[in-house]
Amino acid sequence: MFRPFHETADPLKQPCLIRMAADALYLFYMGFDFYRFTKQLYFFSSLDNTAAQCAYRLISGKENGAFRSPEIMLQMVSDTSGITHACGRDNYLRLFVKVDGNGIVACNGETQAGEGNRVDALLNQGFCLVIITVHHVFLKDCRCFHRHRAVEVDREIVMALYKMNKFHWHLTDDQGWRIEIKKYPLLTEKGAWRKFNSHDRECIRQSKTDNNPDMAIPEDKIRIVEGDTLYGGYYTQEDIKDVIAYAKIRGIDIIPEIDMPGHMLAAVSNYEGVSCFNETGWGSVFSSPVCPGKDSALEFCKNIYAELIALFPYKYVHIGGDEVEKTNWKKCPDCQKRMHDNNLKTEEELQSWFIHDMERFFNGKGKEMIGWDEIIEGGLSKTATVMWWRSWVKDAATKATAQGNPVIFTPNGQFYLDYAEDKNSMASIYNLDTTDNLTPEQQSLILGVQGNIWCEWIPSNARMQYMAIPRLLAIAELGWSKPEQKDWNAFKQRLSDQFERLNIMGINYRIPDLEGFNAVNAFIGEGTINVTCLDPTAEIHYTTDGSTPTLQSPVYEGPIKVTETTDFTFCTFRPNGKKGDIAKTRFIKSEYTPSVTAAPSNPGLKATWHEFKGNKCSEIEKAPVNGTYPVEDVMIPKKVKGNIGLIIKGYFNAPQDDIYTFALLSDDGSTLTIDSEQIVDNDGPHGPKEIVGQKALAKGYHPMELRYFDQNGGQLKLKVTGSDGKEIPFTHLYAH
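Conventions and cut-offs
- Residues numbered from 1 in each chain as written.
- Predicted model: local features only at pLDDT ≥ 70, side-chain atom pairs only at ≥ 80, totals over all residues.
- Heavy atoms only, no water.
- Helix = DSSP H or I, 4+ residues; strand = E, 2+ residues; numbered from the N terminus.
- Contact = heavy atoms within 4.5 Å.
- Areas by Shrake-Rupley, 256 points an atom, 1.4 Å probe, with all protein chains shown as cover.
- Phe/Tyr/Trp six-rings, centres within 6.5 Å; stacked < 30°, edge-to-face > 60°.
- Buried < 20%, exposed > 50% of the residue type's maximum accessible area, 1.4 Å probe, protein only.
- Lys NZ or Arg CZ within 6 Å of the ring centre and 35° of its normal.

### Here we look at the overall build of the chain
Part 1 of the argument: The helix and strand inventory of the chain stands at 18 helices and 38 strands.
Part 2 of the argument: Considering only contacts in the chain between residues 6 or more positions apart, those separated by 24 or more positions represent 68%.
Part 3 of the argument: Accessible surface computed for the chain: about 32600 Å², of which carbon and sulfur atoms make up 49%.

### Details of the environment of Asn363
Part 1 of the argument: Within the element layout of this structure, Asn363 appears in helix H10 (residues 347–364).
Part 2 of the argument: For the pair Asn363 and Lys315, spaced 48 residues apart in sequence, the C-alpha separation works out to 9.8 Å.

### Remarks on the packing of aromatic side chains
Part 1 of the argument: Enumeration according to the criterion identifies 31 aromatic pairs in this entry.
Part 2 of the argument: Where Trp488 meets Phe491, the ring centres are 5.9 Å apart and the plane angle is 40 degrees; that geometry is what we call tilted. Of the two residues, Trp488 and Phe491 both sit in helix H17 (residues 488–496), three residues apart, roughly one turn of that helix.
Part 3 of the argument: You can call Trp488 partly exposed: its relative accessible area is 23%.
Part 4 of the argument: Phe491 sits in the buried class, given a relative accessible area of 0%.
Part 5 of the argument: Pairing Phe652 with Phe662 gives two aromatic rings, centres 5.3 Å apart and planes at 70 degrees, and the pair type is edge-to-face. Placement of the pair is Phe652 in strand E31 (residues 644–654) and Phe662 in strand E32 (residues 658–667), with a sequence separation of 10 residues. Pair check on accessibility: Phe652 and Phe662 agree, each one buried.
Part 6 of the argument: Over the ring of Trp193 we find Arg223; its NZ or CZ atom is 3.9 Å from the centre of that ring.
Part 7 of the argument: Sitting above the plane of the Tyr430 ring, Lys486 keeps its charged end 5.3 Å from the centroid.

See below:
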């Protein structure tokens, strides 16, 4: 949120006296990064080369290894014009800040900020010199928090730092119930624990094969019951209160979610009268839902939310409402009777009836309701807030705001932080246009943006940090930036400045992707590999023999000439020596592949849709064919939905002899073959991911085949550029 102090060309040598709790006395000068010297206190701001004066005094006692009533005096004089950004601020005011064991309590020696919005209050008044209490600063002892609370505490620390002021807490799902409900103790006695599932086993496998302890299942979340190994845990209501209080001090409101009527397997499996039938489990895609036809089920849901509402003070609650398999409802006599009695024509309307009934209950308790964008289907109430998550339902925000309903943007293609990150991830977040196709009146109903991180594949706090950061910073920047002030290159520079801070804080962030090469690169004669990294603190090592780089491998120090086909393996390392991701690239010495003699009669390509439920592109043709469609570009035909397996064939028409770059973006898997040679391998189940390959092609037609699969709404795009770096329009590019 605020840049650190940097050395200036002519820094004023105003001394800064800091006395730490450990009774060590340090003397620094304003021109240096004062925050780097301690993990216990961080002061964030920015400093231009303009005239400035600054003095600091911190006096603290020692009590249980933490600060006791420290008093900090700050003064800065400089130009007060500038623009606020999530990762930087360029205006300064004179202020005095006093803090106690709970954070900021007084500004300018007189201003008392609201207890729950201390930082926001300062910012709203124009202050830019702010003490952010991070890394458990001003806590008596961070170890007083139970270990299962550490994830929430750590998340809120980073949130507060980057001005993220809402925490949406998804507390239950099919795989586990994570909040104590005193009226229904089986929800946590049984519903909070499970035998290892496929996700857990994959995490265990990766922790061993990749030697990655961040993927290991925490031992303190495992217990043995009657010979069975169970994995789980939950928050007691006292835990919940502690997290709420911790967030409140940092100006963060918590929005709780107990997802219903779907994603309730941990509940419907343990209490009778909640599901349609006694037998519960998984349907064709999703789990057995709550039965909206039974009064006992409605009472169960309301009793749960009554306890939840009593815990959480913020005005919103989130009902979920997503991914409901309605097969049971079609067969359930109670559901069908409910539909008949209320003149409901479809099961979508039955879900809407359930959502509206719960919303009336929430309203009666003084709460407003948020739901995933599925709540639009079957009819939306006038007072609900919609959380748009399905990227493929592009008109969700337009529909909701046209009815006057507020919307929160969190499209999964950009904002699901559990999806693998690539070099385009942060740009796709930052460049999202939240005003697209919306009138000014509709734009006023966009409440903000949200990043989601689902933890089926995330067993540890360290792994959560790795997946969320630095993408979280791009979300913060988007949320706090006016559209006309957005500047991607300027943001990248501010982002680059954050990594040293994150290292000192001990945040296990993901080093951004190395750039300067593709997965497959073609060159004629001599090539050059020029590697860059957005993180200036990262050290890059490489090998060319197929082995995994270590700290003893050669250090990449500048461009490398390539004269023969060579396989490079790169690996980044943090300043603490921790290994980052491995990047493999192949540089192929090439000649222009001759074109074929062909006379295709139709523009575009031919797409064959298979009813495919697998996860490998090579197996698509084994599935039944649903239809064949002409397409003008690489795309998912409009009529193709559900279980998708596409085989798209035709010719690529090279405009001239050139080295062509093919950037294939897909969610889930895809592959691209040209002239019987695989150029891009983006196979396997995954979120939105782009893989780039190159091939030297002579002018003319080249046979191509692209394969793609997905089962729950996805995306597919192929971008082609020439050696000049300019994208080639698909017009006249394909034929069949």
